[in-house]
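# Examination of the molecular architecture
So you can see what is in the structure, the chains are spelled out below.
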Amino acid sequence: ESLKFGIVGGIAHPQVDMTKVNYDKKPWTNNPTEQISYVSCHDDMCLVDRLKASIASLTDKNIPEAIRTAELLRIDQLAQTCVFTSQGVPFILAGEEMLRDKKGVHNSYNSPDSIQFPWSYLLKYPLAVAYFKMLIQRGKIHPAFRLSTGDKVRQHLEFLPAQETCLVGFQLKNLEGIDAWKNIIVIYNFNKEAKKMQIPEGNYTVACCNGVINEEGVGFVSGKEVEVAPQSALILYQK
């Protein structure tokens, strides 16, 4: 429910149970344009540090570094996709697009450049930078991800029935006159295994799948059920 509250932009929504939101019990605002959405800021740990501190497999030296890095990239991309496909104003911490960390430093106001902003990460994680660029472009091109009023969010954003733990999906529907995509489905799979989810039956273009984003599509799906790759987001659309 906490994630769903972020997805709708901090407004009242009939499908969000505020009694289960872990950081507030009432809506923050009437319109999503008044909420800032983020997973890292200058206070406390940045996202990569927090992930490494909370997910044992990311720092387990018995696991090959390439496997640990691949998992970190998947989880980081999934978290950022949540931010950029939610309503509200997306906010990113400098260097976040490079998988920047702060070596676990919580309060870095007086830290050296090696902690504040390690530029070497730009060359270390080019796939992360490319994915971030596409996320930003998606938000600019598609107004459906930045609806201006709470009424519009409640009218067009509908959550899909939850069928698994750590699996959240929603549709942005009936977008004629708002977006070039008339219907959009977004699903986040936080599990380490692929999961299936029921969707409104139809034919869809796949815009994001397993860490790959392409405005023109990376494939097509038909039917009323889709499979979402582990620790990744799936975005489908109809024109």
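Keep in mind it's a predicted model, so treat the numbers as computed, not measured.

What counts, and at which threshold
Position numbers for residues start from 1 in each chain and track the written sequence from start to end. Where local features are concerned, this predicted model is filtered to residues with pLDDT of at least 70; where side-chain atom pairs are given and counted, the filter is 80 or more; whole-chain, interface and lining totals use all residues. In computing side-chain values, all of the structure's heavy atoms are included and hydrogens and water are not. A carboxyl oxygen of Asp or Glu within 4 Å of a side-chain nitrogen of Lys or Arg is what we treat as a salt bridge. Three labels apply to residues, based on accessible area from a 1.4 Å probe with only protein chains included: buried if under 20% of the type maximum, exposed if over 50%, partly exposed otherwise in between. A pair of strands is labelled paired if DSSP reports no fewer than 2 bridges between them. Each helix is a run of DSSP H or I of at least 4 residues and each strand a run of E of at least 2, with the numbering of both proceeding from the N terminus. Only C-alpha atoms enter the line fits that serve as axes; for helices the fit covers just the stretch in contact. Angles between N-to-C directions range over 0 to 180 degrees. Orientation is classified from the angle alone, with under 35 degrees giving roughly parallel, over 145 giving roughly antiparallel, 65 to 115 giving roughly perpendicular, and any other angle giving oblique. For any pair of crossing helices, the crossing counts as left-handed if the nearer helix is rotated counterclockwise from the farther one by less than a right angle, and right-handed if it is rotated clockwise. Should any heavy atoms of two residues lie within 4.5 Å, those residues are considered in contact. Only Asp, Glu, Lys and Arg are considered charged, only Ala, Val, Leu, Ile, Met, Phe, Trp, Tyr, Cys and Pro nonpolar, and every remaining residue, Gly among them, polar.

Quick look at the pattern of salt bridges now. Summed over all chains, the structure comprises 9 salt bridges. Across the salt bridge formed by Lys-4 and Glu-1, the nearest N and O atoms sit 3.1 Å from each other. Residue Glu-1 is classed as partly exposed on the basis of its relative accessible area of 30%. Salt bridges sharing partners connect three or more residues here, namely Lys-52, Asp-101 and Lys-103.

Another aspect to go through is the pairing of strand β6 (residues 195–209). Where a strand is regular, its side chains alternate between the two sheet faces. With 9 bridges joining them, β6 and strand β8 (residues 219–228) adopt antiparallel strand pairing. Bridge pairing in β8 links Asn-203 to Ser-222. Here β6 pairs with strand β9 (residues 232–238) via 4 bridges, running antiparallel. Bridge pairing in β9 links Thr-205 to Tyr-237. Pairing between β6 and strand β7 (residues 212–213): 2 bridges, direction antiparallel. Paired with Cys-209 across the bridge in β7 is Val-212. Connecting β6 to the next strand, β7, in antiparallel fashion are 2 residues, including Asn-210 with a positive phi near 55°.

This paragraph deals with the packing of helix α3 (residues 65–85) against helix α6 (residues 126–141). When two helices pack together, their arrangement is given by the angle between the helix axes and the distance between those axes. Where α3 contacts α6, the axes come no closer than 10 Å and their chain directions differ by 15°. Compared by their axis directions, α3 and α6 come out roughly parallel. Crossing angle aside, the handedness with which α3 passes α6 is right-handed. Within the contact between the two elements, α3 uses Leu-73, Gln-77, Gln-80, Thr-81 and Phe-84 and α6 uses Leu-127, Ala-128, Tyr-131, Phe-132, Leu-135 and Ile-136. Of the residues belonging to the contact of α3 with α6, the class tally is 8 nonpolar, 3 polar and no charged.

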